[in-house]
Amino acid sequence: MVFRLRPARIEDVLDGAKLRVQLTAAALDGMGDEDLRKRAQQLLHHALFRGRMIAKERLENGASGLETARLLAKVADEVIQALYDFVTTHIFRARNPTEGERFAVVAVGGYGRRQLAPSSDIDLLFLRAYKQTPWSESVTEYMLYMLWDMGLKVGHASRTVDECVRLAKQDHTIQTALLESRRLCGDESLFAEFKYRFERDVVAGSHRSFILAKLKERDERHSRAGASRYMVEPNVKEGKGGLRDLHTLYWMTKHVYGVDNLKGIAELSAFTREEINTLQRAGEFLWRTRCHLHFITGRAEERITFDLMPEMAHVMGFGSRSEMAAVERFMKRYFQVAKQIGGLTRILCAKLEADHQKRAPSLARFRGGVNAHNLPPDFRIESGRLTLDSLRALGDDPANMLRIFQIADARNLDIHPEALTEITRALRKMSPAVRRDPEARALFLDIAASPHNPGRTLALMNEAGVLGRFMPEFGRVVAQMQFNMYHHYTVDEHTLHAIDIISGIEHGRYGDDHPLATMIFPKIINRRALYLAMLLHDTGKGIGDQQEEGEKTAIAACERLGLPAEEVELVGWLVGNHLLMSDVAQKRDIGDPRTISSFVEIVGTLERLRLLLVLTIADIRAVGPGVWNGWKGQLLRDLYRMAEAVFHGGRTDEAGVRERLMEQAREARAKLLASWPAVDGADLNAWLDRFDAAYTLSFDRDAVAWHFAQAAEARRTGESHVAARPTPRRGVTEVLVYAPDRPGLFARLARAFAAAGADITDARVNTTKDGAAFDIFSVHDSSGDPFGIDDPRLLEQLLIRVRTAASGDGPALPMTRKPAARRAAAFQIEPWARLDNELSITSTVIEVSGRDRAGLLADLARVLAEGGLSINSAHIDSHGERVGDVFYVQTLEGGKLTEEARIVEIRARLIEAMREGEPDAPSTVGRQKLAVAPASQLR
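This structure is a prediction, so every number in the text was calculated from the model and none was measured.

With that out of the way, let us pick up the sheet that holds strand β2 (residues 122–128). Taken together, four strands build an open sheet; the order of strands is β3-β2-β1-β4 and the sheet is mixed. Two strands lie at the open edges of the sheet, namely β3 (154–160) and β4 (182–186), each paired on one side alone. Taking each pair of neighbouring strands and ignoring which way they run, the sheet shows an average axis angle of 25 degrees. Sheet analysis places strand β1 (residues 103–107) next to β2, joined by five bridges and oriented antiparallel. Across the sheet, Phe103 pairs through a bridge with Arg128, a residue of β2. In the packing of helix α4 (residues 65–91) onto the sheet, the strands contacted are β1, β2 and β4, and the crossing angle to β4 comes to about 30 degrees.

What follows is the structure, given as structure tokens:
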């Protein structure tokens, strides 16, 4: 249990009078200047260290974060004031100070606000009356060097009053720092003069420009730290909804109204009592988080990274509950606080606008103007934005909480922040009866499947709290994060991004990236089901199997919305199978008739196939930057076209699919030969005869032409042949290997790729009818770009390594095992392996999953080679810290692996290989090792 302690008195932590006596005694000891300096530094550093340790202990025993920050500031005050007295009395005493030697030391910035995080900078202003004098320069330099030698990070400036005023007018950052200044020591009258001049010449009359500058600065800061407040490794200080946003709120109220505390803000009537309490709790939570973060890391760490989250959850008092781990509960609370700060900032901006008639930041310049004609009775336009006609509008008709968003979306209007504030305050009126009201349901469905901008409108509803209130299934996942390195956003933010992407595909904005999805979208019959399925697709997360539980919650939500039974069933099916297409495309051999047959049997109709393609693309793209690439797009398009052909063919059973694929292969071959120069036609025909029918389905004309040319070169030289070509559109570099086939070849090749730093995303392994290995590897670099696209030397070095491995010359390349990165080591990943003889007609399918690391694929391939298995195809699918590899294998005799003893042995050896180099989580008190969901649960 955590007990709240009474605020500490500085006298009980650091005795300033005693410290001054000790410094004076040292000065009177008659020691040399350097010895005196060292003794003074020891005394001051000991006092500072003791104060910090007491603050840390109090925090760990229940003291608030804000109290800790204030105590640390008081400790710094005592040390700096004692240092100033020591320097001006015993080192550089001014016996007869002149008017020009008037001098003061001033705390500015957060330190001036009497708030100091454990490892934060101490910002000081050395204030002078006139130009620098030898005495003031000596005092300043001596103090700074002493503070630096004590290990403090000191931001400093030495200026006159005139310089402060002039620079503050020119630079709003300087103005902000000086806004929170307070005198620490030195000339009181000089500081009073500075405060008077600053208020009169800088603050007065500049409120509007200051507010605009702070809001612009906030937006730029958010852009640097991550545009979303729901980035899953948030920056407590600089991120959206973090402490800096809270500070911005205080700066604006202090600049405009002259208040900088909760009591003063409460008297502004901008916030309700409940909102003031929320503001206080939010600030306390963030300060406690930041102080713990600094103490745990021993540095000014502002990001809650994955490796820190378990210990942070522990020290913040969160434990596991039901299906939610302690770390996920802690982070959900963090994101809820960030959301609250965003709402409070919006309220204050509305207050500032109302009080100062600040020009409305109309979105007309972005959204094409305002359409205010024939508005419903409860609404009007104010400053170019839609707002409520009166507060009674919400009490008389709670459906207006939805209607205002529907009107704004339909008429391309922005919503006034005052209206959003009142809606948030009235959320209790969104009762179960309102959710069942036919008019409210119709309004919501209009918004969710809007042909205009549903993503933006739903995001605004989420910010105001309306979306989660009207749709409780969605409300449960608001601010919910998943403890893995794959997802970049919380569940709700990811979902709203995905809806935005679907809308972009519908309106043709992704035509270059997703030509097939853009082309088929107009053919979709029930687009509303698509948007609703996207909105609800992750509502099963955290309560069991996300697809199974998500299907249940989606059906319940759609039934409450009054949808027809067929549409309810369709939305439920899409949610319950939203991972199906990506799993099949990335983890299965789609040239195998059984794969396609099983897939189309589950999908059932061409309409579902179209919906699933768009849903899958949006889901993957919305995971975060860099997750989507052209290779994944190509895999999905290939799967779609094969399944579409089967649906058009009429038969979806395995025999029918095989027949249809053979027919497609014959058609593709005939089309290929027809387009080929007659002089080479016979040679191409002979080349195609070396492969089975699946080859022409797996590669397009351009790829076949490249293969044909490289094979001709290999036959000409009679040696193992290796070639590469970057394919930027697909996001990979293709590496072709043509060599005599032999056991263990794939493992040697995989080791060569790993040794060169190339990540294999896919491998198409072929053995020609005349016994040659013809393998195509798709590789990228650590940043996800086609390998060697910007550095041809890297690609050439890769080819040398692969050529050596293909020819069998020399020993296998050694692998350097690097320990898992600290962030990745925070996750406990239990490896597993599964062997299945039902998924393929001709091969045993081996699926493995474990921690991703360099050389893992090579180690797994070595196990398979030593087990007497030949790899026909390999499919690599990574999700952050976890990788899922699938191998289609046969015995050396050409059949499936059926011997139970060998199956058990190979499975055990695969798991053993994945455990090699498995890190232990850092052993810190309270840190928990958390199991990560299987790969199938990660999207």
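Moving on from the coordinates now.
Moving on, we get to the nonpolar core. General note: in soluble globular proteins, nonpolar side chains tend to be found buried as a group. Formed by 157 residues in total, the largest nonpolar core has its most connected members in Phe405, Phe444 and Phe599. Once residues lying within four places of it in the same chain are set aside, the contact partners of Phe444 are Leu402, Met461, Leu467, Phe470, Met471, Leu535 and Leu561. Counting 51 residues, the second largest nonpolar core, distinct from the first, contains Ala756, Phe787, Leu798 and Val889.

The next point concerns the packing of aromatic side chains. For the structure on display, the rule yields 14 aromatic pairs. A ring pair is formed by Phe103 and Phe126, whose centres lie 6.2 Å apart and whose planes are at 20 degrees; its orientation type is stacked. One end of the pair, Phe103, is in strand β1; the other, Phe126, is in strand β2, and 23 residues separate them in sequence. You can call Phe103 buried: its relative accessible area is 2%. Here Tyr145 and Trp148 contribute two aromatic rings whose centre-to-centre distance is 5.3 Å and whose plane-to-plane angle is 85 degrees, an arrangement assigned as edge-to-face. With a gap of three residues between them, Tyr145 and Trp148 both fall in helix α6 (residues 134–149), about one helical turn apart. For Trp148, a relative accessible area of 33% corresponds to the partly exposed category. Residue placement shows Arg182 over the ring face of Tyr111; its charged tip is 5.1 Å from the ring centre.

Take the environment of Pro792 next. Checked against the element boundaries, Pro792 lands in helix α39 (residues 792–807). Classification of Pro792 by relative accessible area gives exposed; the value is 61%.

Take the pairing of strand β13 (residues 844–851) next. Within β13, eight of the eight residues are buried, leaving the element largely enclosed by the surrounding structure. Where strand β12 (residues 832–836) meets β13, five bridges bridge the pair, whose relative direction is antiparallel. Across the sheet, residue Leu835 finds its bridge partner in β13, namely Ile846. Of the pairings in the sheet, the one linking β13 to strand β15 (residues 882–891) comprises eight bridges and is antiparallel in character. When the sheet's bridge partners are listed, Ile846 is paired in β15 with Phe887.

Rules used in this analysis
The numbers attached to residues start from 1 for each chain and follow its sequence in the written order. Local features in this predicted model are restricted to residues whose pLDDT is 70 or higher, and side-chain atom pairs enter the listing and the counts only when it is 80 or higher, whereas totals over whole chains, interfaces and linings include all residues. Excluding hydrogens and water, the side-chain values take into account all heavy atoms of the structure. Here a strand pair is declared whenever DSSP counts at least two bridges between the two strands. Working definition: helices are DSSP H or I runs of at least four residues, strands are E runs of at least two. Numbering for both runs from the N terminus. Axis definition: a line fit to C-alpha positions, over the contact stretch in the case of helices; interaxial angles, taken between N-to-C directions, run 0 to 180 degrees. Contacts between residues were defined by any pair of non-hydrogen atoms, one from each residue, lying within 4.5 Å. Side-chain atoms within 4.5 Å link the members of a nonpolar core, which is a set of buried Ala, Val, Leu, Ile, Met, Phe, Trp, Tyr and Cys residues. Burial classes follow relative accessibility: with a 1.4 Å probe on protein chains only, a residue under 20% of its type's maximum area counts as buried, one over 50% as exposed, and anything between as partly exposed. Aromatic pairing here means that ring centres of Phe, Tyr or Trp (its six-membered ring) are within 6.5 Å. Orientation follows from the plane angle: under 30 degrees is stacked, over 60 is edge-to-face, and everything else is tilted. Comment: the charge-over-ring label is applied if NZ (Lys) or CZ (Arg) is within 6 Å of the ring centre and within 35 degrees of the ring normal.

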